[in-house]
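Listed here are the chains, written in short residue letters.
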Amino acid sequence: MNLELNEDQRLLFETVDQAVGRGYANGGRAGATGTELGWSDQVWQTLGELGLTGLTVSADHDGAGAGPVEVYASLEAMGKHAAAEPLLDGVFLPSWLIAGLGTDDQVKQLLPVLAAGGATIAVAHAEPGRPWGLAPTVTAAADGSLTGVKSPVRGADQADKFLVTAVDDAGETGVYLVEATAEGITRADGRAADWGHTSQVEFVGTPATRLGSAEADAAAALRSAFARARVAVTGEAIGLMETGLAMTVEYLKTRKQFGVPLATFQVLVHRAVDVYARVELARSMALWATAAVEAHDNGGEVDLAATADDAFVFVCDAATAVAEEIIQLHGGIGMTYESEVAHHAARLIAITESFGGVSSARRRAVASESLLRAPSALLNNADAVTA
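An unreviewed UniProt entry lists the protein chain under the name Alkylation response protein AidB-like acyl-CoA dehydrogenase, with Amycolatopsis jiangsuensis given as the organism. Turning to the protein chain, the UniProt record has this under Sequence similarities (unreviewed entry): "Belongs to the acyl-CoA dehydrogenase family." You can read under Cofactor (unreviewed entry) in the UniProt record for the protein chain the words "FAD".

Colleague: Let's hear about the domain arrangement of the protein chain: which residues, and what values?
Modeller: As a measure of interface size, the accessible area lost when the parts come together is often cited. Under the domain assignment, the protein chain is made up of domain 1 (7-116), domain 2 (121-210) and domain 3 (218-372). Centre-to-centre, using C-alpha coordinates, domain 1 lies 20 Å away from domain 3. Listed by partner, the interface residues are 20 residues for domain 1 and 28 residues for domain 3. In this assembly, domain 1 packs against domain 3 so that about 2,100 Å² is buried in total across both faces, 72% of it on carbon and sulfur atoms. Taken together, domain 1 and domain 3 are joined by one salt bridge.

Colleague: Run through the UniProt feature "domain: Acyl-CoA dehydrogenase/oxidase N-terminal" (unreviewed entry) in the protein chain, naming residues and quoting values.
Modeller: Residues annotated in UniProt with the feature "domain: Acyl-CoA dehydrogenase/oxidase N-terminal" (unreviewed entry) correspond here to residues 7-117. Along residues 7-117 one finds 65% helix and 0% strand; the C-alpha atoms at either end are 26 Å apart.

Colleague: An account of the packing of aromatic side chains is requested, with residue identities and associated values reported.
Modeller: The description of an aromatic ring pair rests on the distance of the ring centres and on the angle between the ring planes. Inspection of the entire model under this criterion finds six aromatic pairs. Between F92 and W96, the aromatic rings sit 6.2 Å apart at their centres with planes inclined by 45°, giving tilted as the arrangement. Placement of both F92 and W96 in helix 5 (residues 87-101) is noted, with a separation of four residues, approximately one turn of the helix. The exposure classification of F92 matches that of W96, with both residues buried. For the pair W195 and Y337, a centre-to-centre distance of 4.9 Å together with 75° between the ring planes defines the contact as edge-to-face. Of the two residues, W195 is situated in the loop between strand 6 (185-191) and strand 7 (197-206) and Y337 in the loop between helix 9 (304-330) and helix 10 (340-351); the sequence distance between them amounts to 142 residues.

Conventions and cut-offs
Residues numbered from 1 in each chain as written. Predicted model: local features only at pLDDT ≥ 70, side-chain atom pairs only at ≥ 80, totals over all residues. Heavy atoms only, no water. UniProt positions renumbered as here; feature names shortened; annotations may be inferred. Domains from an automatic or database assignment. Contact = heavy atoms within 4.5 Å. Buried area = accessible area lost by both parts, 1.4 Å probe. Salt bridge = Lys/Arg side-chain N within 4 Å of Asp/Glu carboxyl O. Helix = DSSP H or I, 4+ residues; strand = E, 2+ residues; numbered from the N terminus. Phe/Tyr/Trp six-rings, centres within 6.5 Å; stacked < 30°, edge-to-face > 60°. Buried < 20%, exposed > 50% of the residue type's maximum accessible area, 1.4 Å probe, protein only.

Quick look at the structure:
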């Protein structure tokens, strides 16, 4: 199995890296998240011009119809700069849900707008104090109106629409499309641990339209979309870890203690080497999971949810360790808001809470049959056996 980007994918990575790097040259993530938008409008416009907002949308709906490897390459490049633009939360994730669940008319209406970069859609699934995997407590009345609370909802303050999970009168989970300006919405805005914008959104009799038909399997579409998102965000984590390590190595070479650079202390070099090993192991896992998603899309027998949970937990464990170590090796300066490495570490920790977080992924893995199967690094490995 080839886990390296091909020439076109490498070119995509370099293009996004250069474009985002120019926009984040001054101010970095602190500057971007400090704006009213919560991200850099200049970088967002550039991503749209490059076609990144249409990456996961099929060519039939004005997108690029790219696969999971292109998604990985783009998000790793954005992670290198701790970019705050809502490419995954506000475009990729809703595009997967709309394509998997929407009616023909909804798909034709919504996907071209996302592909053009003209809108973002916030996916509202998490609820206060409620495990990610349980059915929502937000209810959908017979007329489709929603009542209940969702929190946290990333990017809700700038979203044009919401995709809200709710249960109907029959107790079935559905996904409902809500205009951000609809009546009956109360929003309390705040910030996440990575300084990104997040909100608590309350719906009281809010007009909504069900995404897809009542007969569609919304729970399966949600599992698939969130699994793709968990794999995709590992790419961003790799970019964040790689740059965090580079910043730390440079700091050790230039910062002096007792009249000599910190890099002359062997124990600190050993710790930096351990971080490097963590990053490369995590990269291998992230690329393996990405290849597995691609094999699934090509008709391979891949358990998408289990693959995503395995990769997400492994990469997030590495992300936590790397975030702690790059702060430790920087000392107190690494904790300050003005330090760029602090924003890389904060975003790494925030990723571990994405899409239900590591705890939920571990609970699903323990409850699944994957623990009874012999691990295999090879996709579709016929030699894998059940214990």
